[in-house]
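Observations on chain architecture
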Amino acid sequence: MKYKPIRKVVSGNYAAAYAAKHARVEVVAAYPITPQTSIIEKIAEFISNGEVENLQYVPVESEHSAMAACIGASAAGARAFTATSAQGLALMHEMLHWASGARLPIVMVDVNRAMAPPWSVWDDQTDSLAQRDTGWMQFYAENNQEVYDGVLMAFKVAETVNLPAMVVESAFILSHTYDIVEMIPQELVDEFLPPRKPLYTLTDFDNPIAVGSLGGPNDYYEFRYKIEKAMDDARKVIKEVGKEFGEMFGRDYRQMIELYRTDDADFVFMGMGSLMGTVKQAVDVLREEGYKVGAAKVRWFRPFPKDELYELAKNVEGIAVLDRNFSFGQEGILFNEAKGVLYNTNAHPIIKNYIVGLGGRDFTVNDVKKIAENMKAIIEKGELDVEVDWYHLKR
Amino acid sequence: MEIPENVKKRLSIPAEEHFYAGHTACQGCGASLGLRYVLKAYGKKTIFAIPACCSTIIAGPWPYSALNANLFHTAFETTGAVIGGIEAALKAKGYKVKGEDGIMVVGWAGDGGTADIGLQALSGFLERGHDAVYIMYDNEAYMNTGIQRSSSTPYGAWTTNTPGGKMHFLEKRNKKKVIDIVIAHDIPYAATASVAYPEDFIRKLKKAQKIPGPSFIQLFAPCPTGWRSPTDKSIELARLAVQTAYFPLFEYENGKYKINMPSTKKEPKPIEEFLKLQGRFKYMTKEDVEILQQWVIHEWEKLKKLAEVFG
């Protein structure tokens, strides 16, 4: 590594707040919700301690207004940031469309929390995955380090393709759990992430613009296509930015799906977020026990890493998709996406869906081992027992 | 068209036009006049936020805009929040906001987008003290969606969801006093205005520009389409609304009330004069008119008292 990292023991939430600070965000508009609150508290503390300059903090009256204020700020040219969770994200939903439709590179941290009712404050990915079709990019962090790195990269990618981006971390498992995070000296962050240069802003009074006007049937369609074009471009940008990040700071993010010991694997576990840390550990244990298994961690869910999934699927006999989320009336959301990608390819490994960890249910190395046994049996037999397995269900 | 200097001097409102011909408002639209006056007062160094409302259409579809100013079209309930965000960004970037030579951030929303769905964001905007101006143009119903009642619709009015008819299913509630709710936020400046009195409106806009902090103006803006009134009667109607004290013009400045019109020295005109020109009130019975008249008198007396005690 060419630089001396600043090692801090921080929660995932503080990692997010430090990243926002190091990204030199100019407007933060946010509303408190557990377990997101310590992100905005930390940012307020930075302001209060005089640690940041030119940062406007807007303590709004709802998450809907938090996103609306970020949208106004971003349209006026500022680098805007917010954070939320579960019900707050659901309340923002309408404005998420507005952010992507107006092509504003806002970055938001969503702390994955289960949706009520029943009330729950624990981890579940359904809140963010339900925002799948809003035109936001989504990055899922495995640990606190990835929360920090993810926010910095998200700004760079977002500002390159003019789409908003969400960095997602697990409730409590990351948000409130302390770990060593290697932070980057400010001057190097500045080098990686220079000030935002918007194509258009509301502050050019000689060339006024109107954003978000009525678009008739003759135009609306093309506006949609341009969002998809930007999403598609983002795949390339993400890989470039991930590579640049690796070259500058030593942690390489060029893979949209991080592959762990998959080279000679018979089957792999695929999933997103913090549970993949457990899975990687389990892979090591299983390898020692003679299982040829690997882990495939989907880092970016939007844009979806289709090509990388195909490359992976070509070389394995089975994929166990671990979904800490569920789409009612269908199946796990990542499973659904993965199957969809592979249908029109030549790669058709056995693919099974395990619903795990909903609402913060503990998911351990032992659970991964049990799933491995089940997958092995299925592959040997050559057919699925059930397609969607509610793994923890009390029967 | 170039206006000769000697004529310009005699004009009581700015000659410069920043609201272009070719906009798509209905004939006799009060809101479009209001928008024109705001642009006359503030010029092109203005950033508008306009939510879902008639003005979304009036400003024109992509790629057109009738406004020679920056404009952000936003979601229905977000005007207060969006102008707060714009103001915050301008400050973070070191621009001068409000004041004589500062950038004017203007929220321009209808009564539905203000009194109903946007009330929460308006409240947040007011209590946080952003340096911006919020203008509610009040045409007393959801006109853009085809004339449905809002909480700013007066007692006795026909709308498409209070259609009168055999069961006399008319609007049964009095007009929500949005400005009273606004004043309760203890902001430095709030006022009512009318498109029938552009000099008064522009004076108030200029005042709102000079006073730091959030300002609010409730602009009475007739809608011939929704009011079932002749398109050439809009100004007359707006004037009658003031003269009958149905919509009195007043200012609230740092705790003090000042009535501008009608004169407190003479009796306001009877409410029938305002009602009779509009098809929307034709289902009212004599008793209904009396109920509305009593409400107008009650509110007028209350305002006069406020001006007397806190003048």
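Use the structure listed above.
One structure accompanies this document, and this report is about it. (Residues numbered from 1 in each chain as written. Chains lettered and ligands numbered in written order. Predicted model: local features only at pLDDT ≥ 70, side-chain atom pairs only at ≥ 80, totals over all residues. Heavy atoms only, no water.)

The next thing to look at is the interface of chain A and chain B. Of the residues lining the interface, 41 residues belong to chain A; the matching set on chain B comes to 36 residues. Between chain A and chain B, roughly 3100 Å² of surface is buried when both sides are summed, and carbon and sulfur atoms account for 65% of that area. The largest contributions to the chain A side of the interface with chain B come from Glu-61, Phe-205 and Leu-214 of chain A, which together make up 20% of the buried area. Connecting chain A to chain B are three salt bridges. A salt bridge links Arg-128 of chain B to Glu-61 of chain A; its shortest N-O distance comes to 3.0 Å. At the surface where chain A touches chain B, the tally comes to 14 residue pairs in polar contact (both at pLDDT 80 or more). Elements that contribute at least two residues to the side of chain A that touches chain B include exactly strand E3 (56-59), helix H3 (63-75), helix H4 (86-101) and strand E9 (210-211) of chain A. Among the elements that take part in the side of chain A that touches chain B, H3 of chain A stands out by supplying eight residues, more than any other. Looking at the side of chain A that touches chain B residue by residue, the class counts come to 23 nonpolar, twelve polar and six charged. (Contact = heavy atoms within 4.5 Å. Buried area = accessible area lost by both parts, 1.4 Å probe. Salt bridge = Lys/Arg side-chain N within 4 Å of Asp/Glu carboxyl O. Polar contact = N/O pair within 3.5 Å; in protein donor to acceptor, adjacent residues only side chain to side chain. Helix = DSSP H or I, 4+ residues; strand = E, 2+ residues; numbered from the N terminus. Nonpolar A, V, L, I, M, F, W, Y, C, P; charged D, E, K, R; others polar.)

Residue and element names in this part refer to chain B. Across the five residues that make up strand E7 (residues 249-253), a large majority, four, are buried. Of the strand pairs in this sheet, strand E5 (residues 189-194) and E7 are connected by three bridges, and their pairing is antiparallel. The partner of Ala-191 across the bridge, within E7, is Glu-251. In the sheet, E7 pairs with strand E8 (residues 256-261) via five bridges, with the strands oriented antiparallel. Note that in E8 the partner of Tyr-252 across the bridge is Tyr-257. Connecting the antiparallel pair E7 and E8 is a turn made up of two residues, with Asn-254 showing a positive phi of about 45 degrees. (Buried < 20%, exposed > 50% of the residue type's maximum accessible area, 1.4 Å probe, protein only. Pairing = 2+ DSSP bridges.)

Below, the discussion takes up empty space enclosed by the protein. With the rule as written, the count across this model stands at three cavities of 30 Å³ or more. Empty space within the largest cavity amounts to approximately 230 Å³. Taken together, 19 residues make up the lining of the largest cavity; nearest its centre are Lys-177, Ile-179, Pro-248, Phe-250 and Glu-299 of chain B. Elements with a contribution of two residues or more to the lining of the largest cavity: helix H7 (178-183) and helix H12 (286-309) of chain B. Each residue belonging to the lining of the largest cavity can be placed in one class, and the counts come to eleven nonpolar, two polar and six charged. The volume enclosed by the second largest cavity comes to roughly 50 Å³. When residues of the lining of the second largest cavity are assigned to their parent elements, the largest contribution, three residues, is made by strand E7 (residues 165-170) of chain A. Looking at the lining of the second largest cavity residue by residue, the class counts come to five nonpolar, five polar and three charged. (1 Å grid on protein atoms, 1.4 Å probe; cavity = no way out; pocket = protein on both sides within 12 Å on 5 of 7 lines; lining within 4 Å. Points joined across faces, edges and corners; volume = space filled by probe spheres on them.)

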